[in-house]
Amino acid sequence: MSSLDLDISKRIWSGKIPVQIVLGTHDPADTLFMEVPRCSYLPLLTSTLCTQWDRLETIDPGIIWYDYDGEPLKWHYPLGLLYDLWCTAYQKEKKSIKLPWKLTLHTDTYPDVLLQNPTIDTMKDMYMAMLKEADFLRHGSTKKVMNLSKQDQSQLWLALTTERYDDYWHVNHQILDDRTGPAGTEDTASHGPRHVPLRLYLPNQCPVVQDLVSFVTENGEPNQLDKAIRQLVPSMPLDVRVMAHGVQLPGSVPIRWAADCLSYPDNFLHLVVY
Amino acid sequence: MVEESTDYRQFIWQELKERDEHEQQYHVMISSNQHLLKQVNHYRVLAASQKISGNAAHLEQQIQHLKEERADMYKVQSENAQRLVHMNDKLRTLEDLEAQQKKSLVDTLANNKKLADKSTSQTEQLREKDGAIQVLQDELSALQLEITTIEGKNHRLSKENHQLVQRWMEKMNQEADKMNEATEFYETALQRARSQQSPTNSSNRPGSVASTASSSSPSNKDQHKMRVTSIILPDRPYRTLANIHDGDIYCIQASRTGTYFATGSEDRRIKLFDRYSMTSTTLSGSLQSITSLDFNTTDDFLVATSTDYSTRVWNLGTRRLAHTLTGHIGKVFAARFIPADSSRVVTGSHDRTIKVWDLTKGWCTRTIFSFSSCNDLAVLDPDGHTLVSGHLDNTLRLWDTKSGNGIKDLQGLHRGQITSVAVSPDGGSVLTNSRDNTLKWIDIRMYEVLHTFQAPTYQNGINWSRASFSPDGCYVAAGGKDGSIHIWNTRNMQLERVLQGFHKSAVCGVAWHSMGSEMYTADMNAKTVCIWDTSIEKKTQSFVMK
């Protein structure tokens, strides 16, 4: 990668959102200001909060949930994604999220819409699952992830939780390595990754779109972002905009490059369409 | 293409930069907020920990304090336990002591009761004894009254007797004078006959008159001298009688009249020999061995003492047992008739008493306590008022039979027990034979030892060996352990004769014929009696008679 790519990658990794956590009680003293990484998840935030707030020490983290503006937040989405979703939603209504992003922490009446038990272990499992899925989409099998040593796996997760860029990419490089095929044999660039691990988030509570998108077009040319989207959702209007990591992406971004540089830590490309 | 790629890259990079600037405007604030929060937490924790630690310190102090208290409590508890044990022990010992004391109290009470009973019984006994004493005292006074009356009577009678005796003596003297004249005449005739060698074997018996009036008057002494043929000591026995008895011969005695001599033996029999006919009769009736013999003055009775604690009196006329005197509680070793009164006998016994018996009544009229076992007795005066006794404790004692009191104790005379006591014919002295192998001739009035007869060859072998005076008082004879007869002369105190070899064993007694013409000796184990001729007219015949 060029130095620009490296810088981009670094910025994506270390992107932070200022957050104000408010406890469900209306005590103004029960607020906390934090800067949360975009790549982190809500359960990780919960664990940090529990250490800082002694009130939360006795509470089972599995029943804590957050909401913004009345809406419970999905804890299996990366925080950056959540924020982007809200931003785009507000932007439609010509509103903007007032920073710091004010989240309310709840400890009771766990809503049914959310997945149960947002503990760290569950989060880790979820993350690993996403990782495997991404690997499968890319290479046709999850061998790369599965062949990671235990230490590598734990290093991966640890790097994510402690925001260590180098450690993460040290392991992730092995996963993303497209040169070796599924059989572990040397592979030429001609084989290449198969499909793009991609998820589209459409507005208005549309379901998440995930479909097979290949890295090359029928012509053999590298695929581009807008083409890939068109491919996935043919009825997409032409003036659609794509956001990832809080930046609007031009349509001409090659999908390959986007998948390499703009992926979230779970190797998925979560794109918000608005 | 490359430009495009660069463009979009550049574009994205720019966008990201803007985004970061926008989103990280609160960075400083939030980080300082975080910092403050951290500090607050830290201090809170510190405070809490301090509190805790403070608490902890306080609690630890409390714990220490409590531990100390607990230690003290343990100590106190152990002390208490020890004291308790100690108290328990004490209690136990006290309980034991109390039980013991109770028991001893019960015993003492029982003892007390017993003693009280004893004392009452003893006071009862005492009262009875007092009564008995009273009775006896009354008896005594009555008897004493009797005695005084009888004494008066006695005195009168003795005076009468004395007078009669005097008259009789005068008559006898007259007769004796006549006899003497006759004898002198006879002797001259005999001498004439001897020179002619005419064997005149006439015995001298008609010459002697059996006058066995025991010598109490000095005139009698002269009379005896005159009467008795002067004794010539023999060299050999005239006659030997062997195996007379079945057992050891213990005593031999000649009668007062000279008619008999008798031997008493372990075989419970008395052999009475008639001197003239040499026949013997056996007197039996004793239950055990005969220890001494005595004839009465008229030779009508013979008294014999025995180890069966009794004394027996035989009638020599009928040769039958006349009296048995029992009352001694020890072996009786000596008996004598009272010369003046043949109905009274004195006996001496190893029960340390001397008893005076009345044969008419048949019982003991007086018991004299003699302090020591009596071995031999002799009567000093014809009425029997004074006795002399020789004892086991080497003492010679004199007694008054009227009162029963001792007159004199002669101690230290002998170094061995006194085996016989013989009164001299004149009645003024006494010959004692003793186990210290000496014979002492004692003046009985002055209590002086006139002479001690001893010889290196003489050894007294028997506790009842009898020595005797010759009837004229010139000689004393005693039998020794080796069977020898020693004869001392009382005039010159010399040992005149030792007759050895005729007795095989210890000689138990020497007796003289009342006229002095014969001497009888008996030895114990060989059961032999030798008759020695001590008269002037020697009997030439000597033969052994079975």
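As the structure is a computational prediction, the values presented were derived from the model and not from experiment.

### Brief notes about the side chain of R9(B)
Okay, step 1: Note on placement: R9(B) falls in helix α1 (residues 2-23).
Okay, step 2: Here D5(A) takes part through its side chain, which lies 2.5 Å from a polar atom of the side chain of R9(B).

### Some thoughts on the state of the cysteines
Okay, step 1: Tallied over the full model, the rule gives zero disulfides over all chains.
Okay, step 2: C508(B) provides the cysteine sulfur closest to C251(B), a residue in no disulfide bond, and the two sulfurs are 6.8 Å apart.

### Brief notes about the pattern of salt bridges
Okay, step 1: Evaluated as defined, the whole model comprises 27 salt bridges over all chains.
Okay, step 2: A salt bridge links D376(B) to R466(B), with the nearest nitrogen and oxygen atoms 3.1 Å apart. Of this pair, D376(B) sits in strand β14 (residues 374-379) while R466(B) sits in the loop between β21 (448-454) and β22 (468-469), placing them 90 residues apart in sequence.
Okay, step 3: In this structure D376(B) comes out as buried when scored by relative accessible area, which is 1%.
Okay, step 4: Look at R466(B) and you get buried, because its relative accessible area is 10%.
Okay, step 5: Each of D7(A), R11(A), R38(A), D84(A), R19(B), D20(B) and E23(B) takes part in a single network of salt bridges with overlapping partners.

### Some details on the UniProt feature "repeat: WD" (unreviewed entry) in chain B
All names here are of chain B.
Okay, step 1: UniProt records the feature "repeat: WD" (unreviewed entry) for residues 242-274, 283-324, 325-367, 380-409, 411-452 and 468-498 in the present numbering.
Okay, step 2: Here residues 242-274 is 0% helix and 52% strand, with 16 Å between the C-alpha atoms at its ends.
Okay, step 3: As a span, residues 468-498 carries 0% helix and 52% strand, and end to end its C-alpha atoms are 15 Å apart.

### Quick word on the nonpolar core
Okay, step 1: Formed by 59 residues in total, the largest nonpolar core has its most connected members in I21(A), Y66(A) and W101(A).
Okay, step 2: The element that contributes the greatest number of residues to this core is helix α3 (residues 79-92) of chain A, accounting for seven residues.
Okay, step 3: Ranked by size, the runner-up nonpolar core spans 33 residues in total, among them L225(A), A244(A), V273(A) and Y8(B).

What counts and what doesn't
- Residues take numbers from 1 onward in each chain, read along the sequence in its written order.
- Each chain is given a letter, starting from A, and each ligand a number, starting from 1, according to the order in which they appear as written.
- Reporting of local features is limited, given that this is a predicted model, to residues whose pLDDT is at least 70; pairs of side-chain atoms are given and counted only at 80 or more, and all residues count toward the totals for whole chains, interfaces and linings.
- The basis for the side-chain values is all heavy atoms of the structure; hydrogens and waters are excluded.
- Per the convention used, a helix needs a DSSP run of H or I reaching at least four residues, while a strand needs a run of E reaching at least two, with both numbered from the N terminus.
- Throughout this description, a polar contact denotes any pair of N or O atoms lying within 3.5 Å of each other; where both atoms belong to protein, one of them has to be capable of donating a hydrogen while the other can accept it, and for residues adjacent in sequence the pair is counted only when both atoms sit in side chains.
- Cysteine sulfur atoms are paired as a disulfide whenever they come within 2.5 Å of each other.
- The salt bridge definition used is simple: a Lys or Arg side-chain nitrogen within 4 Å of an Asp or Glu carboxyl oxygen.
- Throughout this description, buried means an accessible area under 20% of the type-specific maximum (1.4 Å probe, protein chains only), exposed means over 50%, and partly exposed covers the range between.
- UniProt positions are given in the numbering used here, feature names are shortened, and annotations may be inferred rather than shown by experiment.
- The definition of a nonpolar core used throughout is a set of buried Ala, Val, Leu, Ile, Met, Phe, Trp, Tyr and Cys residues joined through side-chain atoms within 4.5 Å.

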